[in-house]
Amino acid sequence: MYRICKRIELESGHLLSKHPGNCQFPHGHTRSVELVFAADSLDSHEMVLDFKAVQEMVGTFLQRFDHALCMNTDDPNYAQFRAVYGERIIPFEHSDPTSEAMAKTVFDHAQAALQRAQQGAGSYPVRDCVRLERVRVWETSSSWAEYAED
């Protein structure tokens, strides 16, 4: 089996309403998001898929998180933050935007984008045999959360 990993870095903030400590306050991280794709064979260009295809699939989506604040929609201050900062506030419906939740959010988007690319959307061909294995979100240089489906 062959695997590739595309890593995208961004500055992202969040606050965890349910957290008992300092994470309940707005704070930011230099995050790295890793997407791992796999295939049992290489394409005619000797690749699992082109790294540019991965960027095309998730780049714009991930840029929404850059210099934005992720918030639980149940947070009592959510409406006020959204009114003041608009699209720079990323809603997490009824859940805290933990790194685990972010990993699943990115995975779900990337999985749907992969399926569209396999149907011919985008500038780079993506074979049907390519699969998204996992998404890992690094919160700090020593801490990450990962989401994968069986």
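Look a little higher up for the structure.
Heads up: these notes are all about the structure in this document. (Residues numbered from 1 in each chain as written. Predicted model: local features only at pLDDT ≥ 70, side-chain atom pairs only at ≥ 80, totals over all residues. Heavy atoms only, no water.)

Structural notes on the side chain of Glu34
- Residue placement: Glu34 occurs in strand S2 (residues 27-39).
- Residue class for Glu34 comes out buried when judged on its relative accessible area of 10%.
- Among the polar contacts listed, one links the side chain of Glu34 to the side chain of Trp138, at a separation of 3.1 Å.
- The contact partners of Glu34, leaving out residues within four places of it in the chain, are Cys5, Lys6, Arg7, Arg134, Val135, Arg136 and Trp138. (Helix = DSSP H or I, 4+ residues; strand = E, 2+ residues; numbered from the N terminus. Buried < 20%, exposed > 50% of the residue type's maximum accessible area, 1.4 Å probe, protein only. Polar contact = N/O pair within 3.5 Å; in protein donor to acceptor, adjacent residues only side chain to side chain. Contact = heavy atoms within 4.5 Å.)

Examining the environment of Glu149
- If you trace the backbone, Glu149 turns up in the segment after strand S6 (143-148).
- According to the relative accessible area criterion, Glu149 is partly exposed, its value standing at 45%.
- Sequence separation between Glu149 and Leu132 is 17 residues, and the spatial gap between their C-alpha atoms is 8.9 Å.
- Glu149 has contacts with Phe107, Asp108 and Glu133, leaving out every residue within four places of it along the chain.
- A polar contact is formed between the side chain of Glu149 and the side chain of Tyr147, at a distance of 3.3 Å.

Observations concerning the sheet that holds strand S3 (residues 68-72)
- Pairing is mixed across the open sheet formed by six strands, whose spatial order is S4-S3-S1-S2-S5-S6. For this open sheet the edge positions go to strand S4 (89-92) and S6, each flanked by a neighbour on one side alone. This sheet shows a mean twist of 35 degrees between the axes of neighbouring strands, independent of strand direction.
- Lying on the sheet, helix H1 (residues 51-63) is in contact with strand S1 (2-14) and S2; it crosses S1 at an angle near 20 degrees.
- The strands touched by helix H3 (residues 99-118) within the sheet are S1, S2, S3, S4, strand S5 (131-140) and S6, with S5 carrying the most contacts at an inclination of about 150 degrees. (Pairing = 2+ DSSP bridges. Axes fitted to C-alpha atoms, helices over the stretch in contact; angles between N-to-C directions.)

Looking at the nonpolar core
- Leu35, Phe37, Leu49, Met57 and Val135 are the most contacted members of the largest nonpolar core, which totals 34 residues.
- Every element with two or more residues in this core is listed here: S1, S2, H1, S3, S4, H3 and S5.
- For this core, the element with the highest residue contribution is H3, accounting for nine residues.
- With residues near it in sequence (within four places) discarded, Leu35 still touches Ile4, Cys5, Lys6, Val58, Val106, Ala110, Leu132, Arg134 and Val135.
- Leu15, Met71, Tyr78 and Ile89 belong to the second largest nonpolar core, which has five residues in total. (Core = buried A, V, L, I, M, F, W, Y, C linked by side-chain atoms within 4.5 Å.)

What to know about the packing of H1 against H3
- Look at H1 against H3: their axes get within 9 Å of each other, and the N-to-C directions meet at 145 degrees. Handedness of the crossing formed by H1 with H3: right-handed. Touching Met57, Val58, Phe61 and Leu62 of H1 are Thr105, Val106, His109, Ala110, Ala113, Leu114 and Ala117, all from H3.
- For the contact of H1 with H3, a count of residues per class yields nine nonpolar, two polar and no charged. (Left-handed = near helix turned anticlockwise from the far one by under 90°. Nonpolar A, V, L, I, M, F, W, Y, C, P; charged D, E, K, R; others polar.)

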